Structures are given as C-alpha cells and as structure tokens.
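Here's the letter readout for the chains.
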Amino acid sequence: MPRKKPFSNKQKKKQLQVKRERKRGDTGSGPSSRNASVERGGERQSDTSDSETTDIRKINQQPFSREGRYDPNRFRLHFEKESKEDVEKRKKIAREKVLQPVSDKELEIAINDIYPSEKGLGFPRRPSWNYDMTRENLLRKEEKSYREYLDDLHSRNPPGSLSHFEHNLETWRQLWRVLEMSDVILLIVDIRHPVLQFPPSIYQYITGDLQKQMILVLNKVDLCPPPLVIAWKHYMTSQFPHLQIVCFTSHRGQPYSTGEERESGGRVGVLQKKRMRRKADWSQAGGPTDIMKACQEITAGKVDLSSWEQKIHRDAVAEQLDGERPDEGAESVSMETQSDSTMDMSSPTRELYKDGVLTLGCIGFPNVGKSSVINNLVGRKVVSVSRTPGHTKYFQTYYLTPTVKLCDCPGLVFPSRVNKQLQILAGIYPVSQLQEPYSSVGYLCERTPFLPALKLKHPRLQENDPQQGSQGSEEPGWTAWDVCEAWAERRGYKTAKAARNDVYRAANSLLRLAIDGRLCLCLRPPGYSCLREHWENHPDLPEIMALQGRVTEEEGTGDRDDDDDGESSTEPEEERDRDADDDEDGDDEDEGFGHPRRKEDKPSGFTVNMYNVLRENECE
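Sequence order sets the numbering: in each chain, residues are counted from 1 along the sequence as written. Restriction of local features to residues with pLDDT of at least 70 applies here, the model being predicted, together with a cutoff of 80 or more for giving and counting side-chain atom pairs; totals for whole chains, interfaces and linings are based on all residues. Side-chain measures here rest on the full set of heavy atoms in the structure, leaving out hydrogens and waters.

Caption draft 1: View of the nonpolar core. With 135 residues, the main nonpolar core has Phe 198, Trp 308 and Ile 363 as its most contacted residues. Looking at this core, the element that brings in the most residues is helix H17 (residues 503-516), giving eight residues. Whether two residues are in contact is decided by their heavy atoms: any pair within 4.5 Å suffices. Excluding its chain neighbours within four sequence positions, the residues that come into contact with Phe 198 are Ile 111, Tyr 115, Leu 187, Val 189, Tyr 203, Met 214, Leu 216, Met 236, Phe 240 and Leu 243. Side-chain atoms within 4.5 Å link the members of a nonpolar core, which is a set of buried Ala, Val, Leu, Ile, Met, Phe, Trp, Tyr and Cys residues. Burial here depends on accessible area, computed with a 1.4 Å probe over protein chains only, as a share of the maximum for the residue type. Under 20% is buried, over 50% is exposed, and the range in between is partly exposed. Numbering of helices and strands starts at the N terminus; helices are DSSP runs of H or I of at least 4 residues and strands are runs of E of at least 2.

Caption draft 2: Here's a closer look at unusual backbone geometry. Unusually for a residue other than glycine, Lys 220 sits at a positive phi of about 60°. Secondary-structure assignment places Lys 220 in the loop between strand S4 (213-219) and helix H7 (226-239). One non-glycine residue with positive phi stands out, namely Tyr 353, at about 55°. Turning to its location among the elements, Tyr 353 is positioned in the loop between strand S8 (335-337) and strand S9 (358-364).

Caption draft 3: Spotlight on the environment of Lys 91. By the element assignment, Lys 91 lies in helix H2 (residues 84-96). The class for Lys 91 is partly exposed, based on a relative accessible area of 22%. Residues Lys 91 and Pro 437 lie 346 residues apart in sequence; the distance between their C-alpha atoms is 8.5 Å.

Caption draft 4: Here's a closer look at the pattern of salt bridges. By convention in these notes, a salt bridge is any Lys or Arg side-chain nitrogen within 4 Å of a carboxyl oxygen on Asp or Glu. Enumeration over the complete set of coordinates arrives at 17 salt bridges. Between Glu 82 and Arg 90 there is a salt bridge; the shortest N-O distance is 3.0 Å. The same class applies to Glu 82 as to Arg 90, namely buried. In this structure, Glu 142 and Arg 126 form a salt bridge, with 3.3 Å as the shortest nitrogen-oxygen distance. Of this pair, Glu 142 sits in helix H4 (residues 135-156) while Arg 126 sits in the loop between helix H3 (111-114) and H4, placing them 16 residues apart in sequence. With a relative accessible area of 17%, Arg 126 lands in the buried category. Linked through salt bridges whose partners overlap, the residues forming this network are Arg 126, Glu 142, Glu 170, Arg 173 and Glu 180.

Caption draft 5: Looking closely at the packing of aromatic side chains. Only rings of Phe, Tyr and Trp enter the pairing, Trp through its six-membered ring, and a pair is recorded when the two centres are within 6.5 Å. The plane angle decides the type: under 30 degrees is stacked, over 60 is edge-to-face, the rest tilted. Evaluation of the coordinates by the stated rule reveals 12 aromatic pairs. Considering the side-chain rings of Trp 129 and Tyr 131, the 5.3 Å spacing of their centres and the 80° angle between planes classify their relative orientation as edge-to-face. Consider the rings of Tyr 438 and Trp 481, whose centres lie 4.8 Å apart with planes at 50°: the pair is tilted. Residue Tyr 438 is located in helix H12 (residues 438-445), and its partner Trp 481 is located in helix H16 (residues 480-491); the two are separated by 43 residues in the primary sequence. With a relative accessible area of 5%, Tyr 438 lands in the buried category. Residue classification places Trp 481 among the buried positions, given a relative accessible area of 15%.

Don't take any of this as a statement about function, it's just geometry.
Spelled out as structure tokens, the structure:
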C-alpha cells in the first residue's frame, strides 16, 4: 500500500475554507455571472471594484445554500478598505488626545463643504443603450462606464480625502431602475444631518436630465429641536428654491432633549429613552398628509389622488376610535420584488403617470428611514426595517392605493468630503463591523454634553486611592479611550478571559446610542448661532411642535425634570438590545411593545416585565 501524502494543518484549514465557500455557493458563480459574490484566484470582480490597486471591504456577509437561486450577498455594502496604519494611528490618537468641547460655530456645516462642485462628486450614471444591444453587451458597457467614473473620481481627489461610499455596481443598478420607473422622487434625509445626505448631483440629474420632480423628506424631526427644524428647512429652500420640502416623523409624542435646549444658560445633557412603537401603530406618523399635498401640487390634477386622501382620513378616524385599525383585507398591498428580468433591457420611459398611476420612489442614504416612511404611508408594516445599514437589499414596489405606487430603494452612500467619523455617527456603516470606533466616540463627545448624560467617573479616579479624590485636585482630562473605559465600567462590559473593561463593546454601545438618537448630535445650518433668537420665535414653531406631537416647552421641560433620574440611571432597554446591532433583523426598533412604565404608574395586578426587573442601580 503506498504511503499517504503528508497533509499539514494549513492545508486542512484551506480545505475547510473551500468547503464552506462551496456550501455558500460562492464557487458556483462564474466571473461572467452577475450573481458572483466572491472572486476566485487572482481575478477581480469588475462590477464591484474601482481599480486594480484598491482593496474593497465587503460587509454583511450572509450564508446561503448552493441550491438557492438568489444570492443574498449580491447587494451587500462594498466600502474601501482602510489600511492598518491608519487604523492604528487613529487608535493611538484616541488614547492620547484630550477631548475639548468645540464651539457652536463648528457645528454649522454648509452643503458646499460636503460636496464641493470642483471635485466631481457625482454618482455613476447608466450609459445610453438601444434595443439592438444584447444583455451581455449592455452589462459590459455599464461596467466599463462605472470603472471610468471611479477613475475620474480618484483622479480629482487625493487618497484619503474621500469618505466612505458605495463600490457595489449592483446596488447602483437598483438606483437606476428606481429613478427610471418613478414619476416623483422622495429623497429622504435625517434631520440631524441633512447636508450629509443630500447630494446636489442627484437633484440636478432628476430635475434636469430626467425632467422629474423631487420632494425632500426631512425625517426623524422628533429628534431635533423645533427651531433647528425650521432653520434647516429654510436653508435647503434657499439653496434649492424649486425643491418641495416636507417634514416627517414616525415617532410622534416623544419629546427629546438633544443638548440644544438650554436651561439657566447651560446645556442640558439627558440620556434619552429608546424610541419604541406599539404594534399596529404605523398610522400614527406625522407628515403623510404633507407628502400627499406636495404630490397633488406636482401632479396638478393629472392623477386622481382622492383614494389616497380617503385612506389618510380612514386611518385618522380609526386612530381616534381607541386605536382600532381598518379592515386590512379591504386594502391589500400587492408587492413586486426585484428580479433579473426587471434589470434587463427595460425602456427608461419618459411617460409620466402611465395608466393614471403615480409612482413614488424612495431613495436616500442607509439608515435614514426609507422603509419606515413606506410603512407609515401604508399604515402597517409591509417593509422590513432595521437599524443595520444595508438591510434593504433590492427595490420593491407596493400599491398604496389603486392610483399610487410606492417603490423602496436600497440605501446608497454617495461620495463626499465629509469626515468619516461623522459618517459613522450618521449610521451609514455597520457599528458591529467597525475596526476602530474610538475616534468616532471622541468626535461625538466633543460635540455633545456627554458627562451629565452618561454620568461617568474617570478611570484614573477609580484606580487610584480614595485620598486623591478628597484632596480637591482637578479631574484629569478625558480622552476617547477614557470615555469608553468609564462607560464599560458603568455598564459592566467585561472581557471573557481576563475580566477587563471591554472598551470596544463600550464604544459600540455609545455609537448605537448616538445613531438611535438617545445621545443626539444635531448639525446646524450656517449662521444658526447668530440667528438663534429669530428661529426660536419663528411663527412656524407651533406647526413643527404639533407635527412632533409635543405640547409646550414648559410642559416638556417639566416632564424631563420629573423623570431625569429614570432616563439617565435606569435603562432596561439598553440592557436588552445593546447587542441587537449584530442581528441582521433588528426590527425591535420599530416594533417594540411600548414605553417602559415607571414604578409609580403600575396598577394593581400589574404583570411584571422581566426585562425591567433588574435596574442598573440595583446591580451596582
């Protein structure tokens, strides 16, 4: 019997890796297939890379069976990979740099600072085609055009100057299809940082090349003070006079202190409760009527929108009748998912309102609430939502009424010159997959009152003997690493083996608090500090407060003072979902079971919620 060939551990590891790839179906896709998700050998996927020298990091890997026809990794996020030297450099700065609060002037950002016109910060356009071209020729032409776009983009911007942006051509193809089939485009942005998520190139392309109308939806207005909402609305109107602007919120009646509100001349820092929605409460959003009126003004009677108006009225009546929902069977929502056939040689028709149907396309950056806006317009959950960027993988269409169709597009990150730390705080990058979250925590702490909100104790004061605190010495300066270590000590985040403070987990937790709006960072338009008194006394202030579901400033302040300790020291929802960002289906954000009840509000016979039994102050 011949002697067996030696088989090393390295070869065994490689063999297992190949087996796992084969099980996921990666090796079953050829280089010419549009479903290929992993390259083999030294080949590079032409539709997802920008050059032969740039490494691309593919995020949100999903396992799937080889037998399945659909590849869930086809539309995952593709961002440029950062070098180890840059990561280690930022980590060193986070350990050494003492945090200093920035001035209010530095929070004011103009749109030209994010998207300079001379830098060519556009987006890839679909090349021209005709019916004589084959499908393969069209795909090759699109890939060639995309490579030329990336080469031109990098030639105008030096390495390291660009922010994170989408490198997956498949996702850009989804945007092309949504823009072609939509009559009116809803560009949805987060009110906390709208200039980051409003690329002027997309507005010029839609209104100029496509000759279509756009509506800017300022979402999540409940996270922003009413004067700042009005200031952003007027700023965007001054920059784009013909742009329709609508304010929207999915969480009415939940007043937030964002650090912008002042009391006795100082900032008020309060860690907010998590935004929760009771089941079947999708119809309680603020803003669907304003979107309908904007569409009525744009269509000018060319489409019958009376059915949409009647639906909003029925939902409002049902909400007043003890929260009863109308018969969902009477208004079935038909759904159309994306397939390869829809991406083929479909004509980019210029005919608007075809067959008397208005098609609304919802586009925007990841994590701005596009799917939540569609759910609120429909009145119930028809689209899966998550806090994880890139959760929506492909576009889907839904009929709101027989004459109104909604189209949900995956989130796309456009190239810009914004600070990458600010991008992460805007929620465009999955927090659980960050290599270095500490610099983003430092960026956040320099712009928010984190000490009164988080109630932290400096790690040096905890390590040294108690006599140092009684000597009256000044508190040492805070670094981003100190903040993460103090938060890990306060929350009880420990490593598994050595039981040291898990600073990486603490940093991720702080970033999730910022993204969810509990530790809120709101940017401001240029000149806001000088005109603060004007915006605080603006005549449109009651309208914005009514949209947010707030009552009066005095009542809101009184409520915060009453339960300030509860919001800052007892956080059962943070204990419950502090790692929920690791899950791909983070629907808990929009499908909660309501707000936690306070102890004094418990009626007799109240069933104990096990999540609320262990309070933080009882565990310390």
